[in-house]
Amino acid sequence: MTTGHDTAAAPPAKEGGAAPARPSAGAPVSDQERRRRARLSRRWQRDMRWSPYAFVSPFFLLFLAFGLFPLVYTGWASLHQVELTAPTDMNWVGLRNYTRIFDDDFFWNAARNTLTIGVISTVPQLLMALGLAHILNYKLRASTFYRVVMLAPYATSIAAASLVFVLLFGRDYGMINWALGAVGIDNIDWQNDKWPSQIAVSTIVIWRWTGYNALIYLAAMQAIPQDLYESAALDGANRWQQFLHVTLPSLRPTILFTVVVSTIGASQVFGEPLLFDANKGASGGSQHQFQTLGLYLYEQGWVNQHLGRASAIAWTMFLILIVIGIVNYVISRRLRASS
Amino acid sequence: MTTTLTPVDREAEAPKGRVRGPKAARAGGTLHAGPVAYAILALFTIGSLFPLVWTAIAASRDNQRLAETPPPFWFGSNLMDNLEIAWQDANLGEAFLNTTIVAGISAVTIVVLSTIAGFAFAKLRFRGRNALMLIVIGTMMVPPQLSVIPLYMMVAELDWTDQLQAVILPSIVSAFGVFFMRQYLLQALPDELIEAARVDGASSWRVVWHIVFPAARPAMAVLGMLMFVQTWNDFLWPFLVLTQTGNPTVQVAVAGLGRGYTPDQSLIMAGALLGTLPLLLVFAIFGKQIVGGIMQGAVKG
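Since the structure is predicted, the reported quantities are computational estimates derived from the model, not experimental observations. Every chain's residues receive numbers from 1 upward, in the order its sequence appears when written. Think of it this way: whatever chain is written first is A, whatever ligand is written first is 1, and the rest follow in order. In keeping with the predicted nature of the model, local features appear solely for residues at pLDDT of at least 70, side-chain atom pairs appear and are counted solely at 80 or more, and the whole-chain, interface and lining totals rest on all residues. Calculation of side-chain values draws on the structure's entire complement of heavy atoms; hydrogens and water are dropped beforehand.

Topic: the UniProt feature "domain: ABC transmembrane type-1" (unreviewed entry) in chain A
Short version of the rule: UniProt positions are given in the numbering used here, feature names are shortened, and annotations may be inferred rather than shown by experiment. Secondary structure follows DSSP: runs of H or I at least 4 residues long count as helices, runs of E at least 2 residues long count as strands, and numbering of each begins at the N terminus.
Mapped onto the present numbering, the UniProt feature "domain: ABC transmembrane type-1" (unreviewed entry) falls on residues 111-328 of chain A. Measuring from the first to the last C-alpha atom of residues 111-328 of chain A gives 19 Å, for a span that is 76% helix and 0% strand.

What follows is the structure, encoded as structure tokens:
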């Protein structure tokens with residue numbers, strides 16, 4: 001600790017350290033020594049200057065190759081007619097891919113489904129995660145056990161989870177309809193009716209991600225300084241008021257972060273509806289009742305083999321996300337300004 | 001550590017102690033959870049585990065029993081048979097090998113690249129550092145589905161369809177990894193240690209090898225496990241570039257079990273169970289560290 005101050009100044013001192021050697025002898029040895037030190041010092045400076053870039057460049061090179069370039073290229077491909085069978089033959093068609101998908105009822109259907117599935121999976125998921133994190137923040141017996149157990153769904157793959165929920169949501173023999181029947185509710189056709197199927201798909205998403213989000217909230221809650229609660233308690237705030245006026249405001253950046261991440265996740269939902277379909281097709285059920293934009297993109301690109309149109313869908317999704325991001329940003333600024 | 005505290009030191013020390021405090025004393029004093037809290041936790045525990053347990057129950061039954069009411073609540077006797085058939089039907093042996101290779105290479109590469117980049121962002125001063133870090137955080141917001149089409153075209157052009165490198169390459173870079181290691185090294189690596197090595201004339205690479213890697217080891221292990229889990233469970237991209245007959249990963253193979261005219265549900269569940277089991281084992285063993293890692297990556301978002 002105490003040596004920290006000396007060492008911070010050490011490198012320049014070392015450079016200068018070569019100087020006293022000269023007047024004392026002036027011999028060729030010292031001259032050589034001086035050049036050696038100068039060379040070392042130059043190398044040292046070069047190292048200091050450039051190695052940070054060497055350290056971060058692998059990430060950025062790979063990101064350019066597998067992140068940015070594909071993103072831009074998708075935009076370029078969306079202005080062309082490209083078929084899956086010959087992906088290198090590109091015919092310029094301008095905005096026709098966009099006008100075509102906007103005229104397509106299935107696109108708007110998929111967009112609506114993505115929105116509704118996104119809302120009914122994200123909102124309950126984050127609210128439950130918040131409540132769960134609050135409980136986990138109490139003094140608990142076996143607290144690690146609950147955290148690990150809640151994360152188990154996160155370790156389960158989309159494929160395995162979706163296949164299990166298909167069976168649990170079965171119309172005739174599924175566990176969920178059986179349980180509902182026990183309390184007098186008739187069988188629900190979870191796969192073929194619009195709202196039930198969307199709720200079922202959302203359930204898979206909620207099941208996999210609630211525990212993960214709860215842990216993120218819990219981490220943020222544990223970083224809230226204790227004395228904020230103490231002073232709130234002195235002012236006569238009860239537990240609920242403390243949660244409302246201390247916990248929630250402190251969590252605002254974390255909540256915003258999870259909302260953004262979940263929104264991106266919700267716009268991408270693909271594996272769950274694909275595998276929830278009884279026919280394992282890309283249409284999202286016989287009536288397209290749970291076809292998401294992700295599935296629609298896959299259907300256009302890989303089933304109908306129109307990669308250009310699929311690119312247009314991808315870029316439309318991207319633009320929608322940017323708009324959502326901007327709205328989020330504006331709302332968070334407003335919230336900050338008002339508090 | 002320090003015997004003589006200057007006023008500055010004391011001030012720096014004070015908030016630290018306050019933030020750390022005993023975990024139990026959070027949320028307004030030393031509040032113990034009441035019966036209601038335990039009841040809710042029990043409910044969530046059941047909700048989290050039930051689908052997994054039921055996968056095993058269904059995998060231990062035969063197909064007819066699954067098509068009856070009420071559904072089975074307890075294990076049958078067909079587990080080993082079903083596991084064996086599913087293992088062969090879905091070619092799971094090869095799939096496991098493939099997935100282990102893919103997830104292993106991805107995780108190791110991500111961890112190494114993230115550690116050195118995270119070290120540069122946390123501890124080195126260079127022009128453009130803040131702007132570049134903003135780009136890293138920004139890339140966490142770009143949805144992967146957007147790049148799927150050109151990546152597919154690249155893979156098709158290179159004739160890499162059904163090849164493992166097609167799955168590995170796009171997954172060896174992780175913005176989250178860089179962010180995670182930066183957060184860790186900011187706290188865990190004292191500046192004095194780097195400075196001392198510098199004084200001894202160590203080059204940047206020697207500092208990375210002899211100081212950063214040893215200091216970052218716990219975080220590297222956690223990040224490695226997180227990335228392994230993520231790559232193991234990845235579905236969309238492997239599904240697009242691999243066929244079930246070529247070089248499937250576990251997820252592609254398991255998804256393929258559901259196809260066919262009259263799929264045998266107990267076999268599907270056996271396959272799903274096999275695909276999930278290795279990761280659940282990892283979680284059972286390293287769960288505490290993984291939880292800690294996720295929570296660590298979450299602070300200061």
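As for the environment of Ala312 of chain A
All names here are of chain A. Filter applied, for reference: Working definition: with a 1.4 Å probe on protein chains only, accessible area under 20% of the residue-type maximum means buried, over 50% means exposed, and in between means partly exposed. Whether two residues are in contact is decided by their heavy atoms: any pair within 4.5 Å suffices.
Within the fold, Ala312 resides in helix α14 (residues 307-338). Looking at Ala312, the relative accessible area reads 0%, which means it is buried. Separated by 237 residues in the primary sequence, Ala312 and Gly75 have C-alpha atoms spaced 7.1 Å apart. When sequence neighbours within four positions are dropped, the list of residues in contact with Ala312 reads Ser78, Asn97, Tyr98 and Ile101.

Observations concerning the UniProt feature "transmembrane region" (unreviewed entry) in chain B
Residue and element names in this part refer to chain B. Within this structure's numbering, the places UniProt gives as "transmembrane region" (unreviewed entry) are residues 36-57, 101-122, 134-155, 167-186, 207-229 and 267-286. Between the C-alpha atoms that bound residues 134-155 there is a distance of 30 Å. The span itself is 64% helix and 0% strand. Secondary structure content for residues 207-229 is 100% helix and 0% strand, while the C-alpha to C-alpha distance between its ends is 30 Å.

Points about the pattern of salt bridges
All names here are of chain A. Using the following cut-off: A side-chain nitrogen of Lys or Arg and a carboxyl oxygen of Asp or Glu constitute a salt bridge if their distance falls within 4 Å.
Scanning all chains against the criterion turns up 8 salt bridges over all chains. Between Arg36 and Glu33 there is a salt bridge, and its shortest N-O distance comes to 3.6 Å. A residue pair is termed a helical-turn pair when its members lie 3 or 4 positions apart in one helix, as Arg36 and Glu33 do in helix α3 (residues 28-77) at 3 residues. Taking relative accessible area as the criterion, Arg36 reaches 38% and is therefore assigned partly exposed. Between Glu33 and Arg37 there is a salt bridge, with the nearest N and O atoms lying 2.9 Å from each other. A residue pair is termed a helical-turn pair when its members lie 3 or 4 positions apart in one helix, as Glu33 and Arg37 do in helix α3 at 4 residues. On the accessibility criterion, Glu33 (28% relative accessible area) is partly exposed. By relative accessible area, Arg37 is classed as partly exposed at 35%. Several salt bridges share partner residues, and in doing so they unite Asp31, Arg34 and Arg35 into one network.

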